[in-house]
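This is what each chain is made of:
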Amino acid sequence: MTLKIIVLAKHAADPESEIHVSADGKGVDEKGLVFDINDWDRYAIEEAIRIKEEHGGEVVVVGVGYADDTLRKCLAMGADRAIKIPLDSGMDSYMTAMAVKEAIADETFDLILAGLMSQDYNNALTGPILAGMLDIPYATAVTSISVEDGKIRVVRELEGGYGEENTLPLPALITVQSGINEPRYVSIMGIKRAKTKELKEISVDAGEGRIQVEKVYVPPVEKAELIEGSPEEIAEKLVEILKDRGLI
Amino acid sequence: MMRVFAIAEVSSGELDPVSIELLNLANAIKGEGSAEAVVIGNNLSEFAGELAKHADKVWKIEDGSLENYNPEMYVDVLLQLFSREKPDVVLIPNSSRGAEFAPLLAVKLSAPIVTDIVGLDFSNGVKATRYIFQGKLLVDVLVKESESYVFTVRQGVFKDECRVEGEVVDSGIKPSASPKREFVGIVEPEAGEVDISQADIVVSVGRGIDDASNIELAEELAEVLGGVVAGSRPVIDSGWLPKDRQVGISGKTVKPKLYLALGISGAFQHIMGMKDSELIIAVNKDPEAPIFGVAQYGIVGDLFDVVPALIEKLREVKG
């Protein structure tokens, strides 16, 4: 069976880049931030392309907000076409899901894939809210997907190394956990081919948001005692600590 | 009169302690209202009794078909309960399962949802606090006024116990339809050659180790110290270490005498797996890395400078 797959991809700030509170105290300073495809979505697009390579079909990638670079990356990886929704939904996942629902209203699909969460706001909401709005079965934090006739078999991640196997009839929505596959690198050929692929903009009315940011701030934490000096001095101090504790 | 409902978590035949934490929060915010627990599954009397020590009322939703978790069935029975007993606030654990079914419940209740909260304040509007950027920042969000609200709650936060003697009520509710998604079975963790949870010394590596070939450096240090090598999620995801070496909520919980965190930023999911170690020493380039919040000693620097120097020094003193 061939599958038409929609993938949700976010262009998101890397939490490993320089994160500072913005001057108004309600957001994050753009300066120092490094943006790329949300790490979880990188696994989602890879999974979609793999399913297409094995079973045939089409992969359509959808991005909300400024997503051009990420959408082009997905096209270069192997997605067939892209839909960009110009909307700043900020941290409001309900708005994001509503925007996607409106933008894909004319699309048919067998499967929607998304990352478990975004690496910046970590809500883990857009996928499951969209599934609820579309009234289709879903599973989150999935670590393996296999396609069977008219359905998919997935394992989702539980706590403590356990997993949970489920089957879902299609159409369904899946959010993937990181590590589900090994995402491919973008090839020069891929980038060339991506230039001829469709990137369509669809404007939608996503309605009102349900949350509003009041304040963003640095968590108050009791910090570790810092050990400073040259690597040799640090090593010496560490060895002292370990000796004192009877660890060596 | 606020009615706060806490959905208990039962997994592997046990009541998860996070269920009591939800009730601690429910009792703290209920005011003149009530803290009510809901427990879903099969053979629930024992769990319901335990929950009743912390709740004004415990609703049992019991049926053979609810033996195994299914998000559609959970939401089905909860909607039946909530159409009768109007909740103002619904608290759900931010566990793998709770985080999965909560958004569907929120959509069906037309309620706003905020996930993974660490603070909740109803004194002036509705304000929820949560971490963003994997623990680097906190955000207070104001939630739009609504008939009801859904929150998923981070484990380990609301520890102040509140004792209430409540009654257990059999809701009589059964699932109204069979779900589209079907539960097949539980997948057991793979057993590896070493059990990192049994080791006295754990040398743990994160994204900062940069490449599979650098794992050797950690192995060398572990060997000198007589410990084992473990890793955080990104290292396992990249396939640089096997899954049974993963420290964190979705991997293993370790409490060694020494936990050496090398290039680990310290996402919450990792910290929950190692915070009770006797001694935590962290090396990370980023002074803002959350790992320094749980470590006793921290080194802001490059692990590739510090680790070789430490190996050399250890060899010297050990002869």
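Quick summary incoming for the structure in this document. (Residues numbered from 1 in each chain as written. Chains lettered and ligands numbered in written order. Predicted model: local features only at pLDDT ≥ 70, side-chain atom pairs only at ≥ 80, totals over all residues. Heavy atoms only, no water.)

## Concerning the pattern of salt bridges
Charged atoms that come close allow side chains of opposite charge to pair. Enumeration according to the criterion identifies 44 salt bridges over all chains in this entry. In this structure, the salt-bridge partner of Arg-156 of chain A is Glu-164 of chain A, at a minimum N-O distance of 3.0 Å. Among the residues examined, Glu-164 of chain A registers a relative accessible area of 0% and is labelled buried. The structure contains a network of salt bridges with shared partners spanning Arg-156 and Glu-164 of chain A together with Arg-97, Glu-100 and Arg-181 of chain B. (Salt bridge = Lys/Arg side-chain N within 4 Å of Asp/Glu carboxyl O. Buried < 20%, exposed > 50% of the residue type's maximum accessible area, 1.4 Å probe, protein only.)

## Description of the interface of chain A and chain B
The interface is formed by 78 residues belonging to chain A together with 78 residues belonging to chain B. Looking at the side of chain A facing chain B, the largest losses of area belong to Tyr-138, Arg-210 and Leu-247 of chain A, adding up to 9% of the total buried there. Our enumeration of links across chain A and chain B arrives at 10 salt bridges. Residues Arg-156 of chain A and Glu-100 of chain B are paired through a salt bridge, measuring 3.0 Å at the closest nitrogen-oxygen approach. Remark: the boundary between chain A and chain B carries 43 residue pairs in polar contact (both at pLDDT 80 or more). Counting residues per element, the ones that place at least two in the side of chain A that touches chain B are α1 (39–55), α4 (126–134), β7 (138–148), β8 (151–157), β9 (163–169), β12 (211–217), β13 (225–226) and α6 (231–244) of chain A. It is α6 of chain A that provides the largest number of residues to the side of chain A that touches chain B, a total of 10 residues. In the side of chain A that touches chain B, the residues fall into 42 nonpolar, 16 polar and 20 charged. Pairing between β9 of chain A and strand β12 (residues 182–187) of chain B: 5 bridges, direction antiparallel. Residue pairing across strands places Gly-163 of chain A opposite Val-187 of chain B, the latter belonging to β12 of chain B. (Contact = heavy atoms within 4.5 Å. Buried area = accessible area lost by both parts, 1.4 Å probe. Polar contact = N/O pair within 3.5 Å; in protein donor to acceptor, adjacent residues only side chain to side chain. Helix = DSSP H or I, 4+ residues; strand = E, 2+ residues; numbered from the N terminus. Nonpolar A, V, L, I, M, F, W, Y, C, P; charged D, E, K, R; others polar. Pairing = 2+ DSSP bridges.)

## Thoughts on a negative patch on the surface
On the surface, a cluster of negative charge is made up of Glu-232 and Glu-233 of chain A together with Asp-305 and Glu-312 of chain B. Only α6 of chain A together with α8 (303–318) of chain B provide two or more residues apiece to the negative patch. Note that Glu-312 of chain B resides in helix α8. When its relative accessible area of 55% is taken as the criterion, Glu-312 of chain B is described as exposed. (Patch = residues over 30% accessible without salt bridge, like charges linked within 9 Å, V, L, I, M, F, W, Y side chains within 5 Å. Areas by Shrake-Rupley, 256 points an atom, 1.4 Å probe, with all protein chains shown as cover. Lys, Arg positive; Asp, Glu negative; His and termini not counted. Charge placed at Lys NZ, Arg CZ, Asp CG, Glu CD.)

## Describing the side chain of Asn-166 of chain A
Relative to the helices and strands, Asn-166 of chain A resides in strand β9. A polar contact is formed between the side chain of Asn-166 of chain A and the side chain of Arg-181 of chain B, at a distance of 3.4 Å. For Asn-166 of chain A, the residues in contact, after removing those within four places along its chain, are Ile-152, Arg-153, Val-154 and Arg-156 of chain A together with Arg-181, Glu-182, Phe-183 and Val-184 of chain B.

## Topic: the environment of Glu-107 of chain A
All names here are of chain A. On the secondary structure map, Glu-107 appears in the loop between α3 (93–103) and β6 (111–115). Under the relative-accessibility criterion, Glu-107 is labelled buried at 14%. Along the sequence, Glu-107 and Val-60 sit 47 residues apart, while their C-alpha atoms lie 9.5 Å from each other. Apart from the residues lying within four places of it in its own chain, the contact partners of Glu-107 are Lys-4, Ile-6, Val-60, Arg-81 and Ile-83. At 2.5 Å, the side chain of Glu-107 forms a polar contact with the side chain of Lys-4.

Shape descriptors only; they carry no functional weight alone.
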